[in-house]
Amino acid sequence: MQWVTRLSLKRVVRERSNVGLSKAATIGVLYSYQTAAKHDMVQRFVRDLKNLDKKVSVLCYITEQERMHPSSGSLRYTFGHEAFTVFGKVSNELVRTFIKMPFDYLFHVDMDANALLDYIVANNQAKCRVGHFDSSRKHLFEVMVKVKQTNPIDNIKRLASQMLHYTGCMEN
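By convention here, each chain's residues receive numbers from 1 onward along its written sequence. Only residues with pLDDT of 70 or above have their local features reported here, since the model is predicted, and side-chain atom pairs are shown and tallied only from 80 upward, although totals for entire chains, interfaces and linings are computed over all residues. The basis for the side-chain values is all heavy atoms of the structure; hydrogens and waters are excluded.

## Some thoughts on the overall build of the protein chain
Starting at the N terminus, helices and strands are each numbered in turn, a helix being any DSSP run of H or I of at least four residues and a strand any DSSP run of E of at least two. Of regular secondary structure, the protein chain possesses six helices and six strands. Written out in order from the N terminus, the α and β elements of the protein chain read α-β-α-β-α-β-α-β-α-β-β-α. Burial classes follow relative accessibility: with a 1.4 Å probe on protein chains only, a residue under 20% of its type's maximum area counts as buried, one over 50% as exposed, and anything between as partly exposed. For the protein chain, the proportion of its 172 residues judged to be buried stands at 48%. Residue burial considers only the protein chains on display, and all accessible areas are found by Shrake-Rupley using a 1.4 Å probe. Only carbon and sulfur atoms are counted for the fraction: they give 53% of the accessible area of the protein chain, which is about 9100 Å².

## Focus on the packing of helix α4 (residues 93-100) against helix α5 (residues 115-123)
Think of each axis as a best-fit line through the C-alpha atoms, taken over the contacting stretch in the case of a helix, with angles from 0 to 180 degrees between the N-to-C directions. Put simply, α4 and α5 touch, their axes get as near as 8 Å, and they point 40° apart. Judged by the angle between their axes, α4 and α5 are oblique. Read as a crossing pair, α4 and α5 show a hand that is right-handed. Taken together, the residues of α5 that come into contact with α4 (itself represented by Val95, Phe98 and Ile99) are Tyr119, Ile120 and Asn123. Three classes are used, and their members are as follows: Ala, Val, Leu, Ile, Met, Phe, Trp, Tyr, Cys and Pro are nonpolar, Asp, Glu, Lys and Arg are charged, and the others, Gly among them, are polar. Of the residues belonging to the contact of α4 with α5, the class tally is five nonpolar, one polar and no charged. Reported orientations rely on four angle classes, namely roughly parallel under 35 degrees, roughly antiparallel over 145, roughly perpendicular from 65 to 115, and oblique for the rest. In a left-handed crossing the near helix is turned counterclockwise from the far helix by less than a right angle, and in a right-handed crossing that turn is clockwise. Every residue pair with non-hydrogen atoms within 4.5 Å of one another is taken to be in contact.

## Comments concerning the packing of helix α2 (residues 36-51) against helix α6 (residues 152-169)
It is the contact of α2 with α6, at a shortest axis distance of 9 Å, that shows an interaxial angle of 15°. Here α2 is positioned roughly parallel relative to α6, judged by the angle of their axes. In this structure, α2 crosses over α6, and the sense of that crossing is right-handed. In this structure, α2 uses Ala37, Lys38, Met41, Val42, Phe45, Asp48 and Leu49 to contact α6, whose residues at the interface are Ile153, Ile156, Lys157, Ala160 and Leu164. In terms of residue class, the contact of α2 with α6 is made up of nine nonpolar, no polar and three charged.

## Overview of the pairing of strand β1 (residues 26-32)
In terms of residue burial, β1 counts as a mostly covered element, since six of its seven residues are buried. Pairing of β1 with strand β2 (residues 55-61), which is carried by seven bridges, proceeds in the parallel orientation. Note that in β2 the partner of Val29 across the bridge is Val58. Whether a crossover is right-handed comes down to one check: with the strands pointing away from the viewer, does the path from the first strand over the helix to the second run clockwise; if it does, it is right-handed. You can see the chain leave β1, run along α2 and come back into β2, and the turn it takes is right-handed. Two strands qualify as a pair provided DSSP detects at least 2 bridges between them.

## Let's talk about the nonpolar core
In this structure, Val29, Tyr105, Phe107 and Val109 are the most contacted members of the largest nonpolar core, which totals 32 residues. At the level of elements, β1, α2, β2, β4 (105-108), β5 (128-132), β6 (143-145) and α6 are the ones that each hand at least two residues to this core. Those residues in contact with Val29, other than ones at most four positions away along the chain, are Val42, Phe45, Val46, Leu49, Val56, Ser57, Val58, Leu59, Phe98, Leu106, Phe107 and Val109. Definition of nonpolar core: a set of buried residues of the types Ala, Val, Leu, Ile, Met, Phe, Trp, Tyr and Cys, connected through side-chain atoms within 4.5 Å.

## Side note on the confidence of the model for the protein chain
Per-residue confidence from the prediction method is given by pLDDT, with values spanning 0 to 100. When the pLDDT values of the protein chain are averaged, the result is 86; 84% of them are 70 or greater. Ranking the elements of the protein chain by mean pLDDT puts helix α1 (residues 2-11) last with 50 and β4 first with 97.

What follows is the structure, encoded as structure tokens:
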């Protein structure tokens, strides 16, 4: 899947810009479900964005094993690995629609790389893509946030907080 993402980045050139968080109207939030606590932290981040009067769309990657967890049952905006064909084509309408959305900001709220989510980030129409700092993935994001890592929940909490802080400081 990584080679498909790299090919997409070379083949499709999109104009990226920064509108400033205060002027942004549409925001995408992309993450992977790992635990109920992480999910709750991301939901808090989504609420914070909505409290800023932003239209927020959320997409969550979930594995079959995680889908069995009781707290994941209420998720309506999830997809699994079956959303992609073996040749890297999107076969899921929810994912296809999310990729085509022209967000002002796309926040990828994960600490670790995931080839499927990287593909979505690379192909999304967002003006500004924001993610966790990883020198091997700097081609995916216009803004990268580095946070001190301690435990998984605090990491996500700090990442979301820093994403809001730094994009809030940016104006074009």
